[in-house]
Each structure stands twice: as C-alpha cells, then as structure tokens.
Amino acid sequence: MSSYPHLDLNLDVDNLKHAATISRGLSLDAVAICKSGHLGLPLGCADIGAVLFGNLLSYQPEHDKWINRDRFVLSAGHGSMFLYSWLHLLGYKVSLQDVKDFRKLGSITPGHPEFNETPGVEATYRTTRNRPVSTLPEHTIFDAKTVVLAGDGCMQEGVSHEACSFAAHEGLDNLIVIYDANEVTLDAMADKTQSENTGDRFRAYGWEVVTIDGHDVQAFACAYALAHKSKNNKPKLIIIKTIIGFGIKEVQGTSKAHGEGAESFAVTDKVKLFFKQRQAKLSAAYNQWLSTYNAWKQANPAQATLLENAVNKPKKADVSKFLASVPEFKPTDEIATRKASEAVLQEAAKYDPLLVSGSADLHGSTLNYIKGAGDFSKENRAGKNFYFGIREFGMGCIVNGIAYHGIFRPSGATFFTFSDFLRPAFRLGALAHLPYFHVFTHDSIGVGAIPNLDVIRPADPEETVGAYAAALENNGGPTLLIFSRQNVPNLNSIPVQTRREGVLKGGYIAVKETAALKSIILSCGAELQLAIKAAAALGPHVRVVSLPSFKRFEAQSAEYKESVLPRAVRARVAVEAGATQPWYKYVGIDGEVVGIDRFGASGPAPQVFALVGVTC
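These numbers were taken from a predicted model, which means no experiment stands behind them.

Caption draft 1: Region of the structure containing the sheet that holds strand β3 (residues 175-180). On the basis of which strands lie adjacent, the open sheet formed by five strands has the order β1-β2-β3-β5-β4 and parallel pairing. Here the strands that pair on one side only, and so sit at the sheet edges, are β1 (71-74) and β4 (208-213). Neighbour to neighbour, the strand axes of the sheet diverge by 20 degrees on average, direction disregarded. Here β1 pairs with strand β2 (residues 146-151) via four bridges, running parallel. What sits directly across from Arg71, in β2, is Thr146. Each of β3, β4 and β5 (236-241) touches helix α8 (residues 198-205); the most contacted strand, β4, lies at about 155 degrees to it.

Caption draft 2: Structural context of the packing of aromatic side chains. Going through the model one piece at a time under the given rule, you end up with 31 aromatic pairs. Aromatic side chains Tyr293 and Trp296 sit 5.5 Å apart centroid to centroid with 40 degrees between the ring planes, which places their arrangement in the tilted category. Separated by three residues within a single helix, Tyr293 and Trp296 lie in helix α10 (residues 269-299), roughly one turn from each other. What makes Trp296 buried here is its relative accessible area of 2%. Plain terms: the ring middles of Phe553 and Tyr586 are 6.1 Å apart, the flat faces sit at 65 degrees to each other, and that makes the pair edge-to-face. One end of the pair, Phe553, is in helix α20 (residues 550-554); the other, Tyr586, is in helix α22 (residues 584-587), with 33 residues separating them in the sequence. The same class applies to Phe553 and to Tyr586, which are both buried. In textbook terms, an aromatic cluster arises when at least three aromatic residues are bridged by ring pairs, as seen for Phe53, Tyr59, Phe72, Phe82, Trp86, Tyr92, Phe274 and Phe275.

Caption draft 3: Region of interest: the pattern of salt bridges. Applying the stated criterion to the full structure yields 23 salt bridges. A salt bridge links Arg24 to Asp47, with the shortest nitrogen-to-oxygen separation between them at 3.1 Å. Taken together, the residues Arg24 in helix α1 (residues 13-34) and Asp47 in helix α3 (residues 46-56) connect sequence positions 23 residues apart. On the basis of relative accessible area, Arg24 is assigned to the buried category, the value being 10%.

Caption draft 4: Fine view of the sheet that holds strand β8 (residues 385-387). Strand order in the open sheet formed by six strands is β8-β7-β9-β10-β12-β11, with parallel pairing between adjacent strands. Strands at the two margins of the open sheet, each flanked by one partner only, are β8 and β11 (454-456). Looking at each pair of strands side by side, their axes are set apart by 20 degrees on average, direction ignored. Inspection of the sheet shows strand β9 (residues 409-415) paired to strand β10 (residues 437-441) by five bridges, in the parallel sense. Bridge pairing in β10 links Thr414 to Phe440. Contacting β7 (355-359) and β10, helix α13 (residues 337-351) runs over the sheet at an angle of about 145 degrees to β7. Packed onto the sheet, helix α17 (residues 461-473) meets β9, β10, β11 and β12 (479-482) and runs at close to 170 degrees relative to β12.

Definitions and cut-offs
Within each chain, residues carry numbers counting from 1 in the order of the written sequence. For a predicted model such as this one, the threshold for reporting local features is a pLDDT of at least 70, and the threshold for listing and counting side-chain atom pairs is 80 or more; totals across whole chains, interfaces and linings nevertheless cover every residue. Side-chain calculation: all heavy atoms of the structure are included, whereas hydrogens and water are not. A pair of strands counts as paired when DSSP detects no fewer than two bridges linking them. Strands are runs of DSSP state E lasting at least two residues, helices are runs of H or I lasting at least four, and both sets are numbered from the N terminus onward. Fitting a line to C-alpha atoms yields each axis, with helices limited to the stretch in contact; the angle taken between N-to-C directions then spans 0 to 180 degrees. We call two residues contacting when some pair of their heavy atoms lies within 4.5 Å. Here the aromatic set is Phe, Tyr and Trp, taking the six-membered ring for Trp, and pairing holds for ring centres within 6.5 Å; pairs whose planes are under 30 degrees apart are stacked, those over 60 apart are edge-to-face, and all others are tilted. Summary of the burial criterion: residues with accessible area below 20% of their type's maximum are buried, those above 50% are exposed, and those between are partly exposed, where the area comes from a 1.4 Å probe applied to protein chains only. Should a side-chain nitrogen of Lys or Arg be within 4 Å of a carboxyl oxygen of Asp or Glu, the pair is scored as a salt bridge.

Rendered as structure tokens:
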C-alpha cells in the first residue's frame, strides 16, 4: 500500500475557493434562520476547511466509523456550523434540511457538536488523541492522524497546558493541532486577556510549530503535508493567522463576528462535482486499505477478532465469565477496598486485553498498576500503564480521548478528593456515553449526580469484584469506582455470589430479617459493616440493604426494588460517611440519614468516624 494516497497536493485553487464560499454561505444562512450561533470561525477558517476536506484528510462518509480514518476534532465547538457545513458537502448523512435545522430541538445539528449524535462528529466539544495499535510490519492498518482545530479560547484553558505537555513528553507525532489565531475572543480582542507567545509555549513543551497565513491554501497544504509526514516524535502545531468573520466587512476582524448572521442555503453543482471526484479518490484509497486489512486479518485471526469485537462492542457486555474467573477472597481477609481493587484489576486486565490504566502520579496509593503490562512511552507504545503526572484534568481528557477512539477501554486514577479536578472531563464522558472507568481511592464525601455516570462504592473485596464487573459490563458511559484507604472486613456472612451480583443490580439485601420486618438500614462502602453491626444489636426485625450504586438500582424493575425496599416499611435509616442529601430519596420523610454535611478531618480513620458520629 502506497504511503498516504489520500494526501493530494495538486490543489484546484478555484474549486477550493468556491467550496469555501459555499461553506461560508451555509453557515451564514443557518445562523440567520435560527438567530443564534457563532460565525467567526466558520467564516474565518473556511479556506483551510476546503483544503483539509478537499485534499488532505482521509475519511469515508459511507463508512464513518472506519478504524483508520483521520479523526477531525473541532475543539472550538462553538463554531459548529463550520463542521456541519463540511459534513453536508462531503456526503455524510447530514442533509441540507439538517443544516437548516441548526440548533432546533431534536436536530442532529445542535449548537455544539455531540459524539454519536451526528455522523462525522468525533468528539463532544473537547480535543482528543489517538493511540497507535501494533500490527505486523508488512500490514500497516493504522496510520491515521488526529487533527484538531482549536481557537484562542482553547489555548487559554488550563487543560491545554496539561494535555499538550503530556503529548510532547510522550512524543505523540500523530497529533496535528491547527490553531486559529484570529486574536479575538467573545468579549474583546484577545490582547485584552492574553499576551503570551503561544508558539514559543508549545516549542518549550517540545512541539514542532509553524505559522502561516490561514487564507493561503497553498501555504496551509504545504505546512500540513510536512506535519503529516514528519516522524520526529513531536506533535505538530500549525498556527494559522485568520480574519474572524472573513467575508462580512462590517464585522470581520472584530469580536462582533462571534454572532450575527441572509438566507438561501445554496449548494452549487460545481461544489457537488468537486467533492464527488474527491470521494472517488478516497474510495480507491479505502479499498486499497481494505485489501491490506483483509490480508492482516487472515494472518492474525485472533487479533482481528479482538479488534472487531472492541470496535463493535455491545452497549452492555456479558460479564458472567469475568465474575466466575475471579478467585474468592479469604473469609478472614480484612483489607482496604483499594487493595482488593489492585487484585481484581489484574483479573480484569486478563479478561479484557484492551484494558489500559493510568494514574495521576499516585500509583503507589491508588494501586491501579497492571502488572507485567509495561509502561506506555515513546519507546513502548504497547505499554498499558500511563504515567499522567500531576495532571488530573488532563488525565480525564486523555481517558476520554482514548475512549472516543473506540478500541481500548481506558481507566485513570487519583484520590477521591481530587475528583473535582477532572469533573468536567467525566461530565463530557457521560454526555458522550464513553465506556471507561476511573479508580478513586481514599473515599470521602461523594460525587454529585451526573446523568449517564455510574458511581459505585463497594463495601468489601467481593463487592469490589462486582464493581469491576459493572465497569466492564457498561459500554454506555463512564464508571467511577470509589475505594477505601482503610482496611475493611470481608463481609463473609453474606454469600460471595450475592455480593458480586448484588453490585451489578446496584443494591441488594445484605442481611435479611428473621422476624416480621419493621425497619431497614441502608448503607454502602466501608460503612456497610457498621450497618450490619447495628442491625445485629437492634434485633431480628431489621433488614440491611447494601446500595453501592444508585444509578444501577434505579434501573431495576419496580418489582425488584419493592422486594428490596418495601414501600410499607417506612422506618428507615441510611448510613454513609458522606453527604446526606442523596439518601433522602430512599429513606423518605419518616426516615433518618446518618452522614456528614461538612468537610472531613485529618486523623486515624476510627477517630475521624467517631468525630463525625458515624460509629456503632
């Protein structure tokens, strides 16, 4: 297979300029008709959009999940009409009516692009990154690039430092970032809030940097081709100097170009023919790749099955084999759930060979290192352990990026109290239904509810097995696994299968009453042991319910929930060393919650629990 047959430097400048004009027109019309949206980037970057999609990127509208496509990510998501206009012109399943429905309720063209909602959208708003896959030398099936279009606002965000310094350190030279340096932000000209030299900042990280005129398609094509072909272990930054709102003399080059917008939605036969011819070239390149892939598949059937299963994963996996494969812990074990997690993670890595893990400089505490799997680095791309450094937010975004790519199941780790540092990342992961998990240890006050986010706080080693099974089962969104720092007893009075499978259901009866049921104690995590002790002291009429995942419990049938928490029993107490508010849904107006609506304290765990009143 020849190198990069999609890369065409023979530019038809007349057709490219015409395509840019059509893209600008679609953006203008869509913003005008809905009286909302941003025109600055769609107009200012139309020229580089034309040459990117007309000559440089490798993509397949008919096979929009093709594993070797170039991933184009619009980091500056407010300029979404830039992407929608090109997706329509390229032949993706984004119709002209979809363009006209920009920002309408229920449309596939929302204000900011959303992953899995619109064909051709690779990420929800933020940047991503690729991870290469090892193949046999004679069969190159992965050589795609991740291409990001970012703006001044993206560069001002603090996470740009975390992610971009990591990318340089790890030598991710398949990453090309195009920085639209139009020097304008929403409120004012950019010099109102920034004075740094962004190019010098990235050179200091270790990036390869070039600056060009963003309206010169020849200069951009040459800069991109050099970045594309360079194999120097340096990510690439192409700074394009553009005029925001280019083409509207009244606002171009000013902050007013961020909004405003006439109305025809014209798409000429000339531009249709141009992209039809482009698609014919890309289809030939795709078919050439397909022959290579089929030869690789024939030579490597086991790897091919693993890859194809990863790409076509079901929303909910069958984890029964995993549950059966994890050895039972000793009944006398009294260990922290983070220590149990360490053991279960090794089994999870055997069960899922595409599971990768990393920590924000805390492997020794979070205990989430996959033994014998090696460290990911410039020298070892096959390593499964990532050293993210002290970059929690960056870690969260990188984990998102690996999950967006769709092959590996990534995970990160830090202390639970640091989870707020990466909260925006797993919020976006939940919005995009990305399958990954984070390990948060040294549990404390809880994470607030985020839709599509499964938060699981297991009580002992066997519930920890169930928690990992839940994370491996869930392909529809992120999972947060919350583990204790302190040792907890193995609650062997509860059958192992009950604990493991009970976590998959989110809640279960941990201790069943032996007399007429009068009251229920609900708990999770390290406090479940206290609930069990309290029930024993209170008498045979008390039931104990373990509720490690509210989200999973709510997904159960009404009959199952009634069997665990009968409505008729209103004498209820919930116990957790965390915020009390989430529990009131389950204890009701007649119930009580023993928790802490305050910050914790520094000291030995038993003393701290006594201080906040969570003891038995």
